Amino acid sequence: DEEPAAEMLIDRVAGIELNILRKSMPAIENLSFSTGDLIRNTLARAVFIGFGIAFAENNLKTKILI
């Protein structure tokens, strides 16, 4: 990747979100590894989309103010 730091950040945030999900839903601990990995990957995509939306919104606000 050209931006490994961003990828690591997204992965770390997804891991934090998964830990929060595990604490709020203890039944998740009993799921298979592949299901947990699927949940983590889905969270990572959601985090990536959220960062993308925030980045775009920030750029739009900056362009409007100029």
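Coordinates for the structure precede this section.
This report concerns the structure included in the present document. (Residues numbered from 1 in each chain as written. Predicted model: local features only at pLDDT ≥ 70, side-chain atom pairs only at ≥ 80, totals over all residues. Heavy atoms only, no water.)

Compared with the 30 Å implied by 1.5 Å per residue over 21 residues, the 30 Å span of helix α1 (residues 4–24) between its first and last C-alpha is a close match. All of the buried residues in α1 are Ile10, Ala14 and Leu18. Projected down its long axis, α1 shows its buried positions confined to an angular sector of 75 degrees, all on one face. Opposite its buried face, α1 presents the exposed residues Ala5, Met8, Arg12 and Lys23, each directed more than 90 degrees away. (Helix = DSSP H or I, 4+ residues; strand = E, 2+ residues; numbered from the N terminus. Expected span 1.5 Å × (residues − 1). Buried < 20%, exposed > 50% of the residue type's maximum accessible area, 1.4 Å probe, protein only. Arc of directions from axis to C-beta.)

Below, the discussion takes up the pattern of salt bridges. Between side chains of opposite charge, a pair can form when the charged atoms approach closely. Using the criterion set out here, one finds three salt bridges in the structure. Measuring nitrogen to oxygen at the nearest pair gives 2.6 Å for the salt bridge that ties Arg40 to Asp11. Residue Arg40 is located in helix α2 (residues 33–65), and its partner Asp11 is located in helix α1; the two are separated by 29 residues in the primary sequence. Among the residues examined, Arg40 registers a relative accessible area of 25% and is labelled partly exposed. Members of the salt-bridge network, linked through shared partners, are Asp11, Asp37 and Arg40. (Salt bridge = Lys/Arg side-chain N within 4 Å of Asp/Glu carboxyl O.)

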